[in-house]
Structures are given as C-alpha cells and as structure tokens.
Amino acid sequence: MDNIENLRGTAVLDSPSLNKGTGFTFTQRERLGLRGLLPRKYESPEIQVSRAWHQLCAFEEDINRYVYLENLHMQNERLFYRVLVEHLEDLMPIVYTPTVGDAVVNFDSLYRNRCGMYFSRLDSGVMRTMLDNWPSSDVEIIVVTDGGRVLGLGDWGTNGMAISVGKVSLYCASGGFDPAKAMPVCLDLGTNNTALTEHEYYLGSNESRLTGDAHLAVVTEFCLAVKDKFPNCLIQFEDFKTEDAFRILEHLRRKVLCFNDDIQGTGATILAGLINALRAQGTSTRDCRIIFFGAGSSAIGVATQIMQLLISEGLSETQAKHAIWLMDSKGLITDTREDYDNLSSQKRKFAQHGEEPCPDLGELIQRVKPHALFGLSGFGPVFTREHIELMCEHIGKPIVFPLSNPTSKAEITAQDAYTWSKGKCLFAAGSPFAPVTIEGNTYVPGQGNNMFIFPGVGFGAVSVRAEYIPDSFFLCAARALATIVPEDEVRAGKIYPSVSAIRAISKTVAVAVAEHAYEVGVAQLYPKPGDMDAFITERMWYPMNDGAV
Ligand SMILES: NC(=O)C1=CN([C@@H]2O[C@H](COP(=O)(O)OP(=O)(O)OC[C@H]3O[C@@H](n4cnc5c(N)ncnc54)[C@H](O)[C@@H]3O)[C@@H](O)[C@H]2O)C=CC1
Ligand SMILES: CC(=O)C(=O)O
Ligand SMILES: [Mg+2]
C-alpha cells in the first residue's frame, strides 16, 4: 500500500488508502504539503458521511448509487467504508445483491478505474511475478471469480470482477478485514457469452471458455502463486460454474487456505436458517423433508451440510438422505432416472433410491409432503400459487426459501409467498424483499444469503492462521449463526438476524470458528489467545479517521 512517509501533496490525495479529503487536520496538511489543496474547513467523519449520504440519496437509480459509491471507493477508501458501515442495511443492496448484478452486466460499459487484479491463460508462468505489482505486500483475503456463473445471471466473463469487488467490500465492512489487505481478482479464462465478446467495450479475452484440466491448471498456478507471495492469505472461490467449482475445491482444499462460498458458505447459511425455521415450525430436524428446486453447486452445498448435521444427530446416511429431495431441470434426482449414469457424482450421492422419476414440482410436493421448499435454480419466478397451497395443505407453517439471486431470479416474491400462504409461510430469500402487509398484519422477510457466513469464517480462519479450512468450520459457523436469533423471536417466525447487525454477527461467527480451529487442530497461531472474543474484536478493522496519517 502507499506509504505516507514517501508521499506529499496531490500524491497523498490521489491515494485511495491515504486520502482523507477534508478530514486531514491542519497539522497533517502542513506536514504532508496539502495546504491550499483542500478547502479551509476541517471536517469530522460524521460530516463527511452525512454529505456523502445526502449525495447518494439524490440519485434515483440504484445503479447510479453503485457508480457513485465505487468512485468514492477509488478516491477515499476510508470514507467509502465509513458510509457503508453506518448505512449497512440501506447500502448492502447496492454494493451487493441485487444491484451488483446490474453492475456485473454493465461492468465493461461503466469501467473507469482499476479495482483488483486480472490473470489469464496468457499469464501462465508469470503469475507469481505479477503479484509483485500489487501495491501491498501483505494480503489476507482474496475473492476470485472467473465470471463463469455470476449470481443467477450466467456467464459474464471478466465483467465478473464486480462480484469479487462486492464480496471484498463485505469482507471489510462486515468481516473486519483491513481493505489494505484485501484483493478482488478476476481470472480471464474466456467466455461463451458471445453477445458480451461482440460488444465493443468488453474488456476480456474473446476466446471461448477454458474447460477441464486447462482451466484447472490456470486456477492452480494462481493459487500457488498467492500462497508463495502471501502465505497467510485466504482465497475465496466465487461464482465459478458448478463443475469447475467442485473440481477446483477438491483439488486445492488441502493445498491452499481456501473455500468455495457458493458451495460451503451457502451451505452453512441455509442450514442455520433451516435450524431456526424448523424450530419455528415445531418440527424436529431428524424428521424434516426438504425439496430443493435446483441441484447445482449451491444446492449440493446446502444438502451436504444438512446431511452432516443429521448424521451428527445420530441418523444413518440412508435415513439422512430421506430428508433431501433434489430436483434439477429434468426433475427429481433418483436412481431410476434414465440419465442416472451420466449424473455428476455430487448429484448421484443424493439420488433417491427406487423412487419413480418426477419432472413436476407440484406432483413432487404432493408425493413428499415437504416441510421446506428451497429455490436454488437461478430461474424465477417459478413457484406458483398451487405449489404454495399444496405446501400449506399438510404443514401449518411451510418453509419457503427462494434463494436465487438477484431479485429477478428469486423463485417467488415475498408478496406472493405471504399472500398465497395467507401469511403462514416462514420466508427467507437470497436478495432483500420489503415487508409485506396482508389484512393489517405485516411480515418481515428474512435474507438467506451467504453474506452472514463468509466474512466471519474468513476472518476467524485468517486470525488464527488456519492451515486449511475443514468442512466442520461451516457446521460450527451455521450453529453460531442460528443461535444469534433469540428463541422468542424464532418462535415468532424470525429466521435470520437483521442485516444491520452484520458486523456483530460476523464477529460471533469468527470467534466460534477461531475456537473450533484449535479444537480440530488446524490453528497455527500459538500461544492460543486467552480471550478469543477480545482477540477477534481487537483485530477487526474499523474505518476511523485516525491512524498514521
Ligand atoms: N442465497 C445465497 O446465498 C446464494 C444463492 N445462490 C443462487 O443460487 C442459484 C443457483 O446457483 P448454482 O447452484 O451455483 O447454479 P447452477 O447453475 O449450478 O444450478 C442451477 C440448478 O438449477 C436447475 N434448474 C435450472 N432451471 C431449472 C428449471 N427450470 N427447473 C428445474 N431445475 C432447474 C439446474 O438443472 C441446476 O441443477 C443462483 O441464482 C445463485 O445466485 C448461490 C449461492 C448463494
Ligand atoms: C450470494 C451468492 O454468492 C450468489 O448468489 O452466487
Ligand atoms: Mg456466489
């Protein structure tokens, strides 16, 4: 990062990490050669945030708020994060889902500033040297995508950089990572989105997408280069296509400190929501049945963690499998399906044994009588009045989680789910929905999104210098997240905590994961901190206007 000792004048103001704008004191202005370069008045962070908020509110379109915020990010990082932290609930939908989806689609057209690092097939052999170009010699968190499946929007090539930027912003604003130690990355591994490559502003390679071993080779070189340059860095894989996501995770999970957020982070978040929703419903976890509409990386991640929880509660694998009913675009995953032998090993693991194929969701709801319906298809809206009414026929408070992002891809809206269930459903969606009022009663939808898990798991793991990330981190994180909502609120139907408390939530998750890392022997920081809560709290970065400058 830029070093204040070497810079003066406009070079200080042009450095996003050093710039404090009108927040420089008069002494600092003298020392740094800033006198006359700023209006006379010194401003407190509160006033700076207030002005930025006022400017933000003047925009009518969320995408313009996004552009404003990202410009601020590139000019005055501290102020960007201070605004974000103080208005988390309002700004999360701008820097993250749903608006980040528009930012991905328009990334090439909106492009102005550098915002991370890019690596491509043509960089093979020199990735380690390229990392020396990054301005910081200490990076603790990298979010890397290849834009293969961004949210539910499909293949967006290097436009996917916007999702890495968004997740890094959450790691810093809610997880406590210092932005000086965070890096968004986009791997340019081609794209099969021809409309994108034909666009004159597209910034990535025009090659078709790399696949299989060639794809894995580039990702592996990148990760090993990171491990060499930044030995304590966690790499979060984000929005890779499902087959690539599983291959990469399997190959690298023990070689570098890494996890896949769509598989593992989502798994833990939705498991926590399920634990609470079943408590609200009055169903024991051991008895539950869930239909998953969608059987990709995220659905398999959630199913895997539910299976682990049930097995940890004493069920056999066969009994646990009976809770999990996965549907893909061809219908129920069952071993009687004609294409069973061609299914991926991940899907086959959850195939129902001897069940008749069933391509229709309504028919499957009638057959299974599920307690919960999860949407992870990237295809919405698709849950109908009939589906919700069928759910209500056999369960008083059906769990309905349309988890696909952004909002346009949600399998059902909050309005429809509450209306069709007559206000009875226990609802959470991947993207935020506004409260719904029906016959004088107001229902507040929960947000079931991996943002509740990844910042805390990442921060906990890095803080204790975890050697690698075992699956048990996510079960531990899910349990910690579930217990944050008080019992009486759970009984009243609150499934997830409020987004406004996300810094405290991430801290709770980080503390649980850090403690657990010692229990399972993957922590490498010794001596172990005596007071883990105090240790994690102390490490969490907060955008103050003080510090070296
Ligand atoms: N709420 C959250 O925290 C998260 C949400 N997601 C969302 O989950 C969605 C899916 O992500 P992945 O699993 O990685 O994608 P994917 O592309 O691997 O999986 C999609 C699955 O849905 C199935 N599908 C698609 N259209 C269908 C249809 N019409 N009928 C039945 N099945 C259909 C496909 O066969 C596939 O099994 C995305 O929209 C993503 O934004 C992903 C990660 C986290
Ligand atoms: C939330 C997230 O990771 C996704 O929709 O892909
Ligand atoms: Mg994702």
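Quantities reported herein were computed from a predicted structural model and do not represent experimental measurements. (Residues numbered from 1 in each chain as written. Chains lettered and ligands numbered in written order. Predicted model: local features only at pLDDT ≥ 70, side-chain atom pairs only at ≥ 80, totals over all residues. Heavy atoms only, no water.)

Peer 1: Tell me about the coordination of the magnesium ion (ligand 3), residues and numbers included.
Peer 2: Expected angles at a metal are 109.5 degrees for tetrahedral coordination by four donors and either 90 or 180 degrees for octahedral coordination by six donors. For the magnesium ion (ligand 3), the full set of protein donor atoms is Glu238 (OE), Asp239 (OD) and Asp262 (OD), and the range of their distances to it is 2.0 to 2.1 Å. Judged by its relative accessible area of 0%, Asp239 falls in the buried class. The exposure class assigned to Asp262 is buried, which follows from its relative accessible area of 7%. (Donors = N, O, S within 2.8 Å, 3.2 Å for Na, K, Ca; no water. Buried < 20%, exposed > 50% of the residue type's maximum accessible area, 1.4 Å probe, protein only.)

Peer 1: Tell me about the pattern of salt bridges, residues and numbers included.
Peer 2: Oppositely charged side chains can form a pair if their charged atoms are brought close together. Going through the model one piece at a time under the given rule, you end up with 31 salt bridges. Residue Asp62 pairs with Arg65 through a salt bridge whose shortest N-O separation is 2.6 Å. Highlighted residues: Asp62 and Arg65, both in helix H4 (residues 62-75), separated by three residues, approximately one helical turn. Judged by its relative accessible area of 34%, Asp62 is partly exposed. Judged by its relative accessible area of 18%, Arg65 falls in the buried class. A salt bridge links Arg491 to Glu487; its shortest N-O distance comes to 2.6 Å. On the criterion of helical spacing, the pair formed by Arg491 and Glu487 is a turn pair, its members being four residues apart in helix H23 (residues 487-491). Because the salt bridges share partners, they merge into one network encompassing Arg128, Asp132, Asp228 and Lys229. (Salt bridge = Lys/Arg side-chain N within 4 Å of Asp/Glu carboxyl O. Helix = DSSP H or I, 4+ residues; strand = E, 2+ residues; numbered from the N terminus.)

Peer 1: Please give an account of the site of ligand 2 that cites residues and values.
Peer 2: All residues in the neighbourhood of ligand 2 are listed as Tyr96, Arg149, Leu151, Lys167, Glu238, Asp239, Asp262, Asn405, Asn449 and Asn450. Contact between ligand 2 and Arg149: an oxygen atom at 3.1 Å from a side-chain N or O atom of the residue. Lys167 places a polar side-chain atom, nitrogen or oxygen, 2.9 Å from an oxygen atom of ligand 2. For ligand 2, whose unbound accessible area comes to 220 Å², protein coverage reaches 92%. (Near = heavy atom within 4 Å. Polar contact = N/O pair within 3.5 Å; in protein donor to acceptor, adjacent residues only side chain to side chain. Areas by Shrake-Rupley, 256 points an atom, 1.4 Å probe, with all protein chains shown as cover.)

Peer 1: An account of the site of ligand 1 is requested, with residue identities and associated values reported.
Peer 2: Taken together, 25 residues lie around ligand 1, and Arg149, Thr242, Ala295, Ser297 and Ser298 are the ones closest in. Gly296 has a polar backbone atom sitting 3.4 Å from an oxygen atom of ligand 1. Here Gly448 contributes a backbone N or O atom positioned 3.0 Å from a nitrogen atom of ligand 1. In the complex, 84% of the free accessible area of ligand 1, which totals 870 Å², lies under the protein chains.

Peer 1: Can you break down the UniProt feature "domain: Malic enzyme NAD-binding" (unreviewed entry) in the protein residue by residue, with the values?
Peer 2: Mapped onto the present numbering, the UniProt feature "domain: Malic enzyme NAD-binding" (unreviewed entry) falls on residues 263-518. End-to-end, the C-alpha atoms of residues 263-518 are 24 Å apart, and along that stretch the chain is 44% helix and 12% strand. (UniProt positions renumbered as here; feature names shortened; annotations may be inferred.)

Peer 1: Summarise the domain arrangement of the protein; cite the residues concerned and give the values.
Peer 2: Here the protein is partitioned into domain 1 (94-256), domain 2 (264-448) and domain 3 (452-539). Between the C-alpha centres of domain 2 and domain 3 there is a distance of 25 Å. Taken together, the contacts link 23 residues of domain 2 with 17 residues of domain 3. With both chains or domains summed, domain 2 and domain 3 bury close to 1,800 Å², and 61% of this area falls on carbon and sulfur atoms. Joining domain 2 to domain 3, the criterion identifies one salt bridge. In this structure, Arg279 engages Glu487 in a salt bridge whose closest nitrogen and oxygen atoms are separated by 2.3 Å. Run the count over domain 2 and domain 3 and you get eight residue pairs in polar contact (both at pLDDT 80 or more). Sorting the residues of the side of domain 2 that touches domain 3 by element identifies helix H14 (261-281), helix H15 (297-312) and strand E11 (426-429) as the ones contributing at least two each. A per-element tally of the side of domain 2 that touches domain 3 places H14 first, with 13 residues. (Domains from an automatic or database assignment. Contact = heavy atoms within 4.5 Å. Buried area = accessible area lost by both parts, 1.4 Å probe.)

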